[in-house]
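# A structural walkthrough
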Amino acid sequence: EPKVLLLDEPVSALDKSVEAQVLNLLLDLKDELGLTFIFISHDISVVRYFCDRVAVMHRGRMVETGPAEQICTAPQEPYTQSLISAVPNPDPRLRFAALRSLGQVRQPEAVPHILPFLTDSRKELRFAAAEALGQIRAVAAVRPLVELMRESDRNLRRAAAEALGSIADLEAVASLIVALEDEHWSVRCAAATALGRIRSAKSLPALCSRLRDRDAT
């Protein structure tokens, strides 16, 4: 019953569909068993999806450490910057179209490739990612979408609520019930509609209480 596992390029030789399955299995084991992984990889997209913190090595020395999202989006050290800049960065319009298409294909294996776009600096890509995850209906997308519900932008909160309505999961229901009290009516309406789609009995008291809401919408 180890507490720490060293994973050296565990998915480097796998195709993308199998890679996603392995990564999600490892994340499930991490949560269930309280494991810590030391994950070695040259794939920036995998590191960004899988890791909480990142240490960048160069010629046997650690040159930069920090949260994975920070390292992958705003690196400080020149060597890290060169690594990130070497990752292909296609036209955002192509990314938008690819996200929409991945949602329409509705394969759970696509989820790890979509999740990083929920935190992209471009709002249109975040919307497309939320919509795609809602279409795929994968439980693995619930927690990132719940995080999106905490955004200051009400339109992003609404998009997350709409996506959660496609996933029958208790965490999704709990987040949507909280969203019924959101400060903006569009988010409250999206949450109510989403709960109706999930059809969970747990949402009944909260929905009934909204019948007394003075907001006619």
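Heads up: the structure comes first, above all this text.
Nothing here was measured: the structure is a model prediction, and the numbers come from that model. (Residues numbered from 1 in each chain as written. Predicted model: local features only at pLDDT ≥ 70, side-chain atom pairs only at ≥ 80, totals over all residues. Heavy atoms only, no water.)

Take the overall build of the protein next. Looking only at helices and strands, one finds 12 helices and four strands in the protein. Along the three orthogonal principal directions, the C-alpha set of the protein runs to about 65 × 45 × 30 Å. Out of the 217 residues belonging to the protein, those deemed buried represent 39%. Excluding contacts between residues fewer than 6 apart, the proportion of contacts in the protein whose partners are at least 24 apart in sequence is 55%. Counting only carbon and sulfur atoms, one obtains 54% of the accessible surface of the protein, whose full area is about 12800 Å². Side-chain charges of the protein comprise 27 positive and 29 negative groups, with the mean position of each set lying 6 Å from the other. (Helix = DSSP H or I, 4+ residues; strand = E, 2+ residues; numbered from the N terminus. Buried < 20%, exposed > 50% of the residue type's maximum accessible area, 1.4 Å probe, protein only. Contact = heavy atoms within 4.5 Å. Areas by Shrake-Rupley, 256 points an atom, 1.4 Å probe, with all protein chains shown as cover. Lys, Arg positive; Asp, Glu negative; His and termini not counted. Charge placed at Lys NZ, Arg CZ, Asp CG, Glu CD.)

Direction of pairing for strand β3 (residues 53–58) relative to strand β4 (residues 61–67): antiparallel, over a ladder of six bridges. Considered in β4, the bridge of Val54 is made with Gly66. The antiparallel pairing of β3 with β4 creates a hairpin that spans two residues between the two strands, and Arg59 there sits at a positive phi of about 55°. (Pairing = 2+ DSSP bridges.)

Together, Val4, Leu6, Ile38 and Ile40 give the surface a local cluster of nonpolar side chains, amounting to about 360 Å² of exposed area. Listing elements by their share of the nonpolar patch, those giving two or more residues are β1 (4–8) and β2 (36–40). For Ile40, a relative accessible area of 35% gives the class partly exposed. (Patch = residues over 30% accessible without salt bridge, like charges linked within 9 Å, V, L, I, M, F, W, Y side chains within 5 Å. Salt bridge = Lys/Arg side-chain N within 4 Å of Asp/Glu carboxyl O.)

All right, on to the environment of Gly196 then. As for its position among the elements, Gly196 is in helix α11 (residues 185–198). Note: C-alpha distance between Gly196 and Leu207 (11 residues apart in sequence) is 8.9 Å.

For the coordinates displayed, the defined rule picks out zero disulfides. The thiol of Cys51 is not disulfide-bonded; the next cysteine sulfur, from Cys72, is found 8.3 Å away. As a non-bridged cysteine, Cys208 has Cys189 as the owner of its nearest cysteine sulfur, 16 Å distant. Among the residues examined, Cys208 registers a relative accessible area of 35% and is labelled partly exposed. (Disulfide = S-S within 2.5 Å.)

Right, let's talk about the pattern of salt bridges for a bit. Under the criterion given, the structure shown has 11 salt bridges. Of the charged contacts, one joins Asp52 and Lys30 as a salt bridge, the two residues approaching to 3.8 Å between their closest N and O atoms. Of the two residues, Asp52 is situated in the loop between α2 (44–50) and β3 and Lys30 in helix α1 (residues 16–33); the sequence distance between them amounts to 22 residues. Among the residues examined, Asp52 registers a relative accessible area of 56% and is labelled exposed. Each of the salt bridges in this network shares a partner with another, and the network as a whole consists of Asp31, Arg143 and Glu171.

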